[in-house]
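# Secondary and tertiary structure notes
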Amino acid sequence: MTLTSEMMTRIKQLRAQLNSYSHQYYVLDAPTVPDAEYDRLYRELEGIEKDYPEAVTLDSPTQKVGAPPLASFSQVSHELPMLSLDNAMNNDELTDFNRKVRDRLKGLLAEGQELEFACEPKLDGLAVSILYEDGQLVQAATRGDGSTGENITLNVRTIKNVPLTLQGIDFPKRLEVRGEIYMPKAGFEKLNQNARENDDKVFANPRNAAAGSLRQLDSRITAKRPLEFCAYSIGIVSDEFTLPTKHGEILQNIKRWGLKINSDMAIVEGIQACVDYFSELGRKRDNLDYDIDGIVFKINDLDIQQQLGFVARAPRWAIAAKFPAQEEMTLLEDVDFQVGRTGALTPVARLKAVHVAGVMVSNATLHNMDEITRLGVKIGDTVVIRRAGDVIPQVVTVVIDRRPASATDIIMPTNCPVCGSKVERIASEAVARCSGGLYCGTQRKEAIKHFASRKALDVDGLGDKLVELLVDAGLIDSFDDLFHLRLEDVAKLERMAEKSAQNLLDSLEVAKTTTLGRFLYALGIREVGVTTAQNLADYFGYLERIQNADEATLLAVPDVGEIVAQHLLAFFAEPHNQSIIEQLQKAGMNWPESEPVSAEESAELPLAGKVYVITGTLAEMGRDDAKQYLQALGGKVTGSVSAKTHCLVAGEKAGSKLTKAQGLGIDILDEAGFIDFLRLHGVSGV
Ligand code: 5U1
């Protein structure tokens, strides 16, 4: 077949369209068409290129899937050295940096004139250089030693948000963009989750995952990794191009040319504003979509940058203010096995106490025996602990060359450390469980704590400590015992008095009236979380129908797969569980039941078809209640902001989702506004 000019026109159209959709999706985070439309156009282009291989060009969107493996990476000499940065470990060192800069600029700054700084989160990834000639990506290289790096062009070409062709026409003939390649937290978690399931390499942190993915000789592997690029400066720029006078303006140009820059960057005046920015980002750090290890502050004015120049391999006009490290080394002194609500035995590392990310850590989770085998860890080892955000600290690696001769293997006990029942492990499951069920004191306590917890019956005043006291005093053994407590017995407990005991009984009385979703969740059926419980309640409307449902009917419920269906069937088939439900109903537990809302009816609900995201702290109602209200009005609640989001409900301390929603021009409601909105839609009692 000959390649006609009509066909060439169609190829060009498709490439331009696909590049534009990719840019909207990966760089602007604002897709304008569904994925299916992108896929359709992609397949059309792929089909044409297959029929006319002579039409394939290096910059075609189909060429981002990787190439056959290299034998090794070649070397690239950086025409302009890639600099490193001096660090400031605290506010004093940051203000010291400002003082030194001002001293050097004496005479150039008016009395009291503040310097302008660009503040940029310092991504925890790998510094790279990407070279464009005539708008085409021609080379990408690692930083290496700053003078020579490795040629990783084939790998960088596969990164979704790195354009193969620059946008617009006003870019320099030669342009070197510098920035960081990193792996966003969500992609990292998913990659590791997959790796665990398939016995593949698990990475210790997003940075290692990014490095491991980028250093692949087979770029087809890199293409499958969730890497992103974020630009923070330029290197070579050909002479015909007139550079702007401010760093911030350069970044805006880079953005216009189709590359991603950090949306959390800011331009501020004076060092105090830098200190404030550092504190604010420190607070937001855990909620960002990516790992950062500090903030880079740069003098914004390029003339001033030039006046200040460099010392050794670092510029005098920039500094990296560092956050406390998220990883530290310490000694694994022992391992205990903790019994959970469902009897799962979790190995917990007892550590020599160590500061990690500003908090003293002496325990870390080891997940399960498979994880212990994977890590190859022994008691007595020196281990690396990672604490990122609010998640439980993790043991991520073992420092093998520090292993003492006395190190001992970690062995799963054969009997439950709490009740002595046999520990069992089902071949298909990673976890081992105590077979004691509610005979096991810990399982009993944990089940009752769960029953009373906020997302379940939400019994005001019945916290974990009080449940333990009640169980230890022999006052409760099962859920329904809670509703038969006597005032005089409760009042005798440690730190209780008649008034607090009465308050507890009153709260229990209130909690007797609940919703079907909450009741189901409270029962603690394995794998039935809040959403699944609510979906079951919405789908069936009546408890009895859930109790009698067969597997096929359960599988029709959104979010219910085979495993959940099996757990539900097993739970309701157990006479003991049926009797618990009967006892609770006899004790007065009740919830409204009604025919489920049909598809036609739900399409008529006021928020039908609308997508909401909830972020930050909602002090009045909590995020779960907010979600339930929105769902009851027909709205869909998702976890991440995109162009498809209609409205963001943003409570206190909202972080990157708020910034993103603002950037996309999405409606935003604070908590007070949200409560008004609910009232307007007829929700009472909020
Ligand atoms: N955000 C950001 N990271 N980072 C790293 N900006 C930035 N700038 C750097 C480095 C090494 O160097 C320039 C100041 C040259």
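What you see is a predicted model, and the numbers here were worked out from it, not measured in a lab. (Residues numbered from 1 in each chain as written. Predicted model: local features only at pLDDT ≥ 70, side-chain atom pairs only at ≥ 80, totals over all residues. Heavy atoms only, no water.)

## Quick notes on the sheet that holds strand β10 (residues 292–299)
- With respect to topology, 5 strands assemble into an open sheet ordered β2-β13-β10-β3-β9, the strand pairing being mixed. At either end of the open sheet lies a strand with only one pairing partner, and these are β2 (87–88) and β9 (266–269).
- Bridge analysis of β10 against strand β13 (residues 318–322) gives 5 bridges, and the strand direction is antiparallel. Residue Gly 294 lies in a different strand from β13, and its bridge partner there is Lys 322.
- Relative to the sheet, helix α9 (residues 271–284) contacts β3 (116–123), β9, β10 and β13, its axis offset from that of β10 by approximately 160°. (Pairing = 2+ DSSP bridges. Helix = DSSP H or I, 4+ residues; strand = E, 2+ residues; numbered from the N terminus. Contact = heavy atoms within 4.5 Å. Axes fitted to C-alpha atoms, helices over the stretch in contact; angles between N-to-C directions.)

## Remarks on the pairing of strand β23 (residues 647–650)
- With burial as the criterion, each face of β23 is covered, one bearing Cys 647 and Val 649 and the other bearing Leu 648 and Ala 650.
- By the bridge criterion, 4 bridges tie strand β21 (residues 611–615) to β23 in an arrangement that is parallel. Bridge pairing in β23 places Tyr 612 opposite Cys 647.
- Sheet topology places β23 next to strand β24 (residues 667–669); 3 bridges connect them, and they run parallel. Note on β24: the bridge partner recorded for Leu 648 is Ile 668.
- With helix α24 (residues 656–664) bridging β23 and its parallel neighbour β24, the resulting β-α-β unit is right-handed. (Buried < 20%, exposed > 50% of the residue type's maximum accessible area, 1.4 Å probe, protein only. Right-handed = clockwise from strand over helix to strand, strands pointing away.)

## Structural notes on unusual backbone geometry
- Unlike most non-glycine residues, Ala 357 shows phi in positive territory, near 45°.
- Structurally, Ala 357 is set in the loop between β15 (344–356) and β16 (359–365).
- With a phi angle near 85°, Asp 559 is a residue other than glycine that sits in the positive phi range.
- For Asp 559, the position within the fold is in the loop between α19 (551–555) and α20 (562–573).
- Take Asp 559: its relative accessible area is 47%, and that puts it in the partly exposed class.

## So, the sheet that holds strand β5 (residues 136–142)
- If you walk across this open sheet you meet the 4 strands as β5-β4-β7-β8, and the pairing is antiparallel. Where the open sheet ends on each side, the last strands, each with one partner, are β5 and β8 (228–237). Each adjacent strand pair in this sheet contributes to an overall mean axis angle of 30°, direction not counted.
- Alignment of strand β7 (residues 174–182) against β8, held across 7 bridges, turns out to be antiparallel.

## Quick word on the site of the ligand
- With respect to spatial proximity, the complete set of residues near the ligand consists of Leu 83, Leu 85, Glu 120, Pro 121, Tyr 232, Val 296, Lys 298, Trp 317 and Ala 318.
- Separating a nitrogen atom of the ligand from a side-chain N or O atom of Glu 120 is a distance of 3.0 Å.
- Within the side chain of Lys 298, a nitrogen or oxygen atom sits 2.9 Å from a nitrogen atom of the ligand.
- Protein contacts shield 88% of the accessible area of the ligand, which totals 380 Å² for the unbound molecule.
- Broken down by secondary-structure element, the contributors of at least two residues to the shell around the ligand are β3 and β10.
- Among the residues making up the shell around the ligand, the classes are represented as 7 nonpolar, no polar and 2 charged. (Near = heavy atom within 4 Å. Polar contact = N/O pair within 3.5 Å; in protein donor to acceptor, adjacent residues only side chain to side chain. Areas by Shrake-Rupley, 256 points an atom, 1.4 Å probe, with all protein chains shown as cover. Nonpolar A, V, L, I, M, F, W, Y, C, P; charged D, E, K, R; others polar.)

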